[in-house]
Amino acid sequence: MIEIRTMKVEDIAEVVEIDRSSFTLPWTERSFKYEVTENGASRCWVTEVDGQVAAMLVLWVIVDEAHIATIATHPKFRRRGFAKKMLIHALVAARAEGVKKALLEVRARHVIAQKIYCDIGFADVGRRPMYYRDNGEDAVLMTMDDLAGLKIADTV
Ligand SMILES: CC(C)(COP(=O)(O)OP(=O)(O)OC[C@H]1O[C@@H](n2cnc3c(N)ncnc32)[C@H](O)[C@@H]1OP(=O)(O)O)[C@@H](O)C(=O)NCCC(=O)NCCS
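Residues numbered from 1 in each chain as written. Predicted model: local features only at pLDDT ≥ 70, side-chain atom pairs only at ≥ 80, totals over all residues. Heavy atoms only, no water.

Visitor: Would you explain the nonpolar core in this entry?
Guide: Inside soluble globular proteins, nonpolar side chains tend to come together where they are buried. Core analysis: the biggest nonpolar cluster contains 33 residues, and Leu 91, Tyr 117 and Phe 122 have the highest contact counts within it. Those elements giving two or more residues to this core turn out to be β2 (42-49), β3 (52-62), β4 (65-73), α3 (82-96), β5 (101-107), α4 (111-120) and β7 (139-144). Tallying contributions element by element places α3 first for this core, with eight residues. (Core = buried A, V, L, I, M, F, W, Y, C linked by side-chain atoms within 4.5 Å. Buried < 20%, exposed > 50% of the residue type's maximum accessible area, 1.4 Å probe, protein only. Helix = DSSP H or I, 4+ residues; strand = E, 2+ residues; numbered from the N terminus.)

Visitor: Where do I start with the packing of helix α1 (residues 12-20) against helix α2 (residues 29-37) in this structure?
Guide: How two helices sit against one another is set out by the angle between their axes and by the gap between those axes. Following both chains from N to C, one finds α1 and α2 inclined at 125 degrees, their axes separated by 10 Å at the closest point. With respect to each other, α1 and α2 are oriented oblique. For α1 against α2, the interelement crossing comes out right-handed. From α1, Ile 12, Val 15, Val 16 and Asp 19 reach across to α2, where they touch Glu 29, Phe 32, Lys 33 and Val 36. Among the residues making up the contact of α1 with α2, the classes are represented as five nonpolar, no polar and three charged. (Axes fitted to C-alpha atoms, helices over the stretch in contact; angles between N-to-C directions. Parallel < 35°, antiparallel > 145°, perpendicular 65-115°, else oblique. Left-handed = near helix turned anticlockwise from the far one by under 90°. Contact = heavy atoms within 4.5 Å. Nonpolar A, V, L, I, M, F, W, Y, C, P; charged D, E, K, R; others polar.)

Visitor: For this particular structure, what's the right way to read the packing of aromatic side chains?
Guide: Each aromatic ring pair is described using two quantities: the centre-to-centre distance and the angle formed by the ring planes. Scanning the model with the defined rule gives five aromatic pairs in all. When the ring of Trp 27 is compared with that of Trp 60, the centres are 6.2 Å apart and the planes differ by 10 degrees; the resulting orientation is stacked. A residue pair is termed long-range when its members are at least 10 positions apart, and Trp 27 in the loop between α1 and α2 and Trp 60 in strand β3 qualify at 33 residues. Ring geometry for Tyr 117 versus Phe 122: centroids 6.0 Å apart, planes at 65 degrees, classification edge-to-face. On the accessibility criterion, Tyr 117 (9% relative accessible area) is buried. What makes Phe 122 buried here is its relative accessible area of 3%. (Phe/Tyr/Trp six-rings, centres within 6.5 Å; stacked < 30°, edge-to-face > 60°.)

Visitor: What exactly am I supposed to notice about the site of the ligand here?
Guide: Residues in close proximity to the ligand total 17 residues, the closest being Ile 71, Thr 73, Arg 79, Gly 81 and His 110. In this structure, Ile 71 approaches the ligand through a main-chain N or O atom, which is 2.9 Å from a nitrogen atom. When isolated, the ligand has an accessible area of 920 Å², and the protein chains bury 73% of it. For the ligand, the cavity whose grid points lie within 2 Å of the majority of its atoms is the largest pocket. When contributions to the shell around the ligand are tallied by element, the ones reaching two or more residues are β4, α3 and α4. Looking at the shell around the ligand, its residues break down into nine nonpolar, four polar and four charged. (Near = heavy atom within 4 Å. Polar contact = N/O pair within 3.5 Å; in protein donor to acceptor, adjacent residues only side chain to side chain. Areas by Shrake-Rupley, 256 points an atom, 1.4 Å probe, with all protein chains shown as cover. 1 Å grid on protein atoms, 1.4 Å probe; cavity = no way out; pocket = protein on both sides within 12 Å on 5 of 7 lines; lining within 4 Å. Sits in = over half its atoms within 2 Å of the grid points.)

Visitor: What's the story with the sheet that holds β7 in this structure? I'm lost.
Guide: The strands making up a sheet are joined through hydrogen bonds of the backbone, oriented either antiparallel or parallel. Sheet architecture is open: seven strands sit in the order β1-β2-β3-β4-β5-β7-β6, paired in mixed fashion. Looking at strand neighbours, the two that pair on one side only are β1 (2-6) and β6 (123-128), the edges of this open sheet. Direction aside, the axes of adjacent strands within the sheet are offset by 25 degrees on average. Pairing of β5 with β7, which is carried by six bridges, proceeds in the antiparallel orientation. Residue pairing in the sheet places Leu 103 in a bridge with Thr 143 of β7. Packed onto the sheet, α1 meets β2, β3 and β4 and runs at close to 85 degrees relative to β3. (Pairing = 2+ DSSP bridges.)

Visitor: How should the environment of Val 63 be read in this particular structure?
Guide: Along the polypeptide, Val 63 turns up in the loop between β3 and β4. Taking relative accessible area as the criterion, Val 63 reaches 77% and is therefore assigned exposed.

Laid out in structure tokens, this is it:
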């Protein structure tokens, strides 16, 4: 069974494992716990597949804007549409609570992720030079100015 649902404290060990296998600058377990239990701006999601956490996403709602803080799929569950569907799900939920626009930063060389965001309706609006402290890579800033324009297609 596949389910997109909000992240619980009990998911955090699996979420941390996904994070560590996905990023060179992973978050701490404590950061995820803070996001789930204390940060009122945070909306944390997972995709569960047959009882296992396959993908995770953290989004911050700041007034009428959603900031995608992190998104990753466990290496063994990639290329099955989970990241795209979960991101759309999270943005639809944000839109339902009054969020009007969304933004994210993505590594300049990460063209796969940029394509996913573009397909959903994000546009490349600029760069944040030397944004990533591990290798000094630039971030591409992508925004969706009107969540009404979210490209849901037949993916949810
Ligand atoms: C980027 C990432 C989140 C994508 O997760 P995923 O669940 O595999 O992505 P999806 O299956 O939803 O893919 C969505 C689209 O991207 C394409 N895609 C995904 N990975 C791809 C790859 N390695 N090569 C080519 N295309 C790819 C898919 O074909 C799909 O396109 P489609 O809708 O036309 O079929 C995942 O690779 C990951 O966790 N990477 C490490 C963490 C990371 O970089 N996060 C993003 C930070 S900005």
